[in-house]
Amino acid sequence: MSELITNIGELMTQDHEQGTRRNAAVVLEGERIAWIGDAVHAPAADTATDAQGRAVLPGWVDSHSHLIFAGDRTAEFEARMAGESYSAGGIAVSVNATRAASDYDLTRMAMGRVAEAVSQGTTYLETKTGYGLDVEHERRSARIASTVADQVTFLGAHLVPAGMDADAYTELVCTEMLDAVRPYVSWADVFCERGAFNPEQSAAVLAACRDAGLGLRVHGNQLGHGDGVKLAVKFGAASVDHVNYLSDADVALLSDSWSGWDAAAPSGSRGVRGTVATVLPACDLSTRAPLAPAKQLVDAGVQIAIASNCNPGTSYTSSMAFCVTTAVLQMGLSVHQAVRAATYGGALALGRESGADEDGQRAVGSLAVGHRADLHMLKAPSATHLAYRPGIPMTAAVWRAGLREV
């Protein structure tokens, strides 16, 4: 079956060749995009949807979330709002509740969180383990995550459990725990931060997971200046996430990592990818942390992503629109920069920015022929309304792999 979406007021493709089109149309065929062009030249299709002048974007690509959890951390949130500072220790509250929950309940709750995200325009998402923190429960979290998310990241190195020696736990993460989750995950992450894992322990985790064939990510530079960015670039990690505290040297490292990559080149010939800096605006607000320097990173030539960081302690939202709005109003990004970071940037962080009909691994995060048919129609004539009308629900329709979800 094919579907024509026509009379699109603004089509913000995030594709270099297509750019932003006016009075456009798109044809979907199965899970792929089959045609893009001017509405007046649109071919016939089996069904048609009239966008009535609304804007259409790629679906949001949420490249950082923690959806496999149980329990409530409202008290911790209230304490932060009363002036207490955030520390990584609150993760233990979620660990205890998650271990006590049944498989059924963990799956049900995670599916509900995914449904919330999709209803607001998210069409592709990553999620992590990290609230199990022993072999049995990390394996379970990875297995459940693989049934609800598009990509799964192993985050056994989220926090050292109470009563365990940090080096001994790091060794467990690098051996038995890694072996247990390996069938379910494609990425590994480490929380390189004070109160979590020091640079030496973080490097050991990254090396072991790299040797096991996993892609790498890093939680870094969230609570203060540290070695997260340095380790991410050294190990060729796909992303370093949070990045609230960056020195000029950190920014230069990230920028240099992209020096051999050309965003304007045809897909498949863009050169050597660097390390994406993923900013998490909702988390920055909830922890009352300094906002990540998104504009400085963009101006320096760093590829950035925006993600929700949906989790029970520091960012209990899956609203990518809220994160985009915050990035525009408070981080200094333009609307186009923020939308790009929340679509193409997320795909870049997950290694899914390229691919089309010829290899079956269809790109997400941008709209072009052969890419996956992930579209987000707004209740507005342009994407600018996301920031112009903050807090107003803007999702009119969502297509995920060609199927209309909303």
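Quick note: structure is the one above.
Residues numbered from 1 in each chain as written. Predicted model: local features only at pLDDT ≥ 70, side-chain atom pairs only at ≥ 80, totals over all residues. Heavy atoms only, no water.

*Asks:* It is not clear to me how the packing of aromatic side chains should be interpreted in this structure. Could you clarify?
*Replies:* Aromatic rings considered in pairs are described by the distance between their centres and by the relative angle of their planes. Tallied over the full model, the rule gives four aromatic pairs. With 6.2 Å between their ring centres and 75° between their planes, F69 and Y131 make a pair best called edge-to-face. Of the two residues, F69 sits in the loop between β6 (60-62) and α1 (74-81) while Y131 sits in the loop between β7 (122-128) and α4 (135-148), which places them 62 residues apart along the sequence. The pair F69 / Y131 is uniform in exposure class, with both members buried. (Phe/Tyr/Trp six-rings, centres within 6.5 Å; stacked < 30°, edge-to-face > 60°. Helix = DSSP H or I, 4+ residues; strand = E, 2+ residues; numbered from the N terminus. Buried < 20%, exposed > 50% of the residue type's maximum accessible area, 1.4 Å probe, protein only.)

*Asks:* Would you mind going over the layout of surface pockets with me for this structure?
*Replies:* Regions of empty space are outlined by a rolling probe, equal in size to a water molecule, passed over the atoms. Size it by volume and the largest pocket reaches roughly 500 Å³. Considering the residues around the largest pocket, the lining is formed by 27 residues, among which D15, H16, E17, R270 and H371 are closest to the centre. By residue class, the composition of the lining of the largest pocket is eight nonpolar, 12 polar and seven charged. When its volume is computed, the second largest pocket comes out at roughly 260 Å³. (1 Å grid on protein atoms, 1.4 Å probe; cavity = no way out; pocket = protein on both sides within 12 Å on 5 of 7 lines; lining within 4 Å. Points joined across faces, edges and corners; volume = space filled by probe spheres on them. Nonpolar A, V, L, I, M, F, W, Y, C, P; charged D, E, K, R; others polar.)

*Asks:* How should the sheet that holds strand β11 (residues 239-242) be read in this particular structure?
*Replies:* In sheet architecture, strand pairing relies on hydrogen bonds along the backbone and comes in two forms, parallel and antiparallel. Taking strand neighbours across the sheet as the criterion, the eight strands line up as β6-β7-β8-β9-β10-β11-β12-β13 in an open arrangement whose pairing is parallel. Bordering the open sheet on either side are β6 and β13 (304-306), each of which pairs with just one other strand. Across the sheet, the axes of successive neighbouring strands diverge by a mean angle of 25°, strand direction being ignored. In terms of strand pairing, strand β12 (residues 276-279) meets β13 through three bridges, oriented parallel. Residue V279 lies in a different strand from β13, and its bridge partner there is I306. (Pairing = 2+ DSSP bridges. Axes fitted to C-alpha atoms, helices over the stretch in contact; angles between N-to-C directions.)

*Asks:* What's the story with the nonpolar core in this structure? I'm lost.
*Replies:* The tendency in soluble globular proteins is for nonpolar side chains to be buried side by side. Core analysis: the biggest nonpolar cluster contains 102 residues, and W60, F154, V243, L297, I306, V339 and L386 have the highest contact counts within it. Residues contacting F154, with those up to four places away along its chain left out, are T129, E138, V173, M177, L178, V181, V185, W187, A188, D189 and C209. Within the second largest apolar cluster, 16 residues are counted, among which are I8, L28, L367 and A373. (Core = buried A, V, L, I, M, F, W, Y, C linked by side-chain atoms within 4.5 Å. Contact = heavy atoms within 4.5 Å.)

*Asks:* Hey, could you run me through the packing of helix α5 (residues 166-181) against helix α6 (residues 199-211) in this one?
*Replies:* Their axes nearest at 10 Å, the elements α5 and α6 cross at an angle of 10°. For the element pair α5 / α6, the angle class is roughly parallel. Packed against α5, whose contacting residues are A166, D167, T170, V173, C174 and L178, the element α6 presents Q201, A204, V205, A208 and C209 at the interface. (Parallel < 35°, antiparallel > 145°, perpendicular 65-115°, else oblique.)

*Asks:* Please clarify how the packing of α4 against α5 should be interpreted in this entry.
*Replies:* Helix-helix packing: each pair is described by the crossing angle between the helix axes and the interaxial distance. Across the interface, α4 lies against α5 with an axial gap of 8 Å and an inter-helix angle of 40°. With respect to each other, α4 and α5 are oriented oblique. For the crossing formed where α4 meets α5, the hand is right-handed. Along its contact with α4, which presents V135, E138, R139 and A142, the element α5 presents L172, E176, M177, A180 and V181. In terms of residue class, the contact of α4 with α5 is built from six nonpolar, no polar and three charged. (Left-handed = near helix turned anticlockwise from the far one by under 90°.)

*Asks:* Which parts of the structure should I look at to understand the pattern of salt bridges?
*Replies:* Oppositely charged side chains can pair when the atoms bearing their charge come close. Counted under the stated rule, the structure contains 18 salt bridges. Note that D103 is salt-bridged to R140, the shortest N-O span being 2.9 Å. Of this pair, D103 sits in helix α3 (residues 103-119) while R140 sits in helix α4, and the two are 37 residues apart along the sequence. Classification of D103 by relative accessible area gives partly exposed; the value is 33%. According to the relative accessible area criterion, R140 is buried, its value standing at 11%. Residue R210 pairs with D211 through a salt bridge whose shortest N-O separation is 3.3 Å. Take R210: its relative accessible area is 42%, and that puts it in the partly exposed class. For D211, a relative accessible area of 60% corresponds to the exposed category. (Salt bridge = Lys/Arg side-chain N within 4 Å of Asp/Glu carboxyl O.)

*Asks:* What's the story with helix α11 (residues 320-329) in this structure? I'm lost.
*Replies:* Note on helix geometry: an α-helix contains 3.6 residues per turn, so any two residues three or four positions apart are oriented the same way. Burial runs high along α11: eight of the 10 residues are buried. Of the positions making up α11, those classed as buried are M320, A321, C323, V324, T325, T326, A327 and V328. Turning to α11, the residues buried within the fold contact β6, β7, α9 (281-287), β13, α12 (335-342) and α14 (385-388).

*Asks:* Any chance you could explain the side chain of K128 here in plain terms?
*Replies:* Relative to the elements of secondary structure, K128 occurs in strand β7. What makes K128 buried here is its relative accessible area of 1%. Here E126 takes part through its side chain, which lies 2.7 Å from a polar atom of the side chain of K128. In terms of polar contacts, K128 uses its side chain to reach the side chain of D189, at 3.1 Å. Not counting the four nearest positions on each side in its chain, K128 is found in contact with H64, S65, H66, I68, T153, L155, D189, R217 and H219. (Polar contact = N/O pair within 3.5 Å; in protein donor to acceptor, adjacent residues only side chain to side chain.)

*Asks:* I would appreciate a short explanation of the side chain of T127 in the present structure.
*Replies:* Within the fold, T127 resides in strand β7. The buried category is assigned to T127, whose relative accessible area is 0%. Among residues more than four places away in sequence, those in contact with T127 are S65, H66, L67, I68, A145, A149, Q151, V152 and T153.

*Asks:* Could you clarify how one ought to interpret unusual backbone geometry in this entry?
*Replies:* Note: most residues except glycine have negative phi, and most peptide bonds are trans. In the Ramachandran plot, N7 falls in the positive-phi region, its phi being about 60° despite a non-glycine side chain. By secondary structure assignment, the location of N7 is in strand β1 (residues 2-12). In the Ramachandran plot, Q14 falls in the positive-phi region, its phi being about 60° despite a non-glycine side chain.

*Asks:* Can you help me understand empty space enclosed by the protein in this one?
*Replies:* Tallied over the entire structure, the rule returns one cavity of 30 Å³ or more. Around the largest cavity, the lining comprises 13 residues; the ones closest to its centre are Y86, I91, H158, N311 and T314. For the lining of the largest cavity, the residue count by class is four nonpolar, eight polar and one charged.

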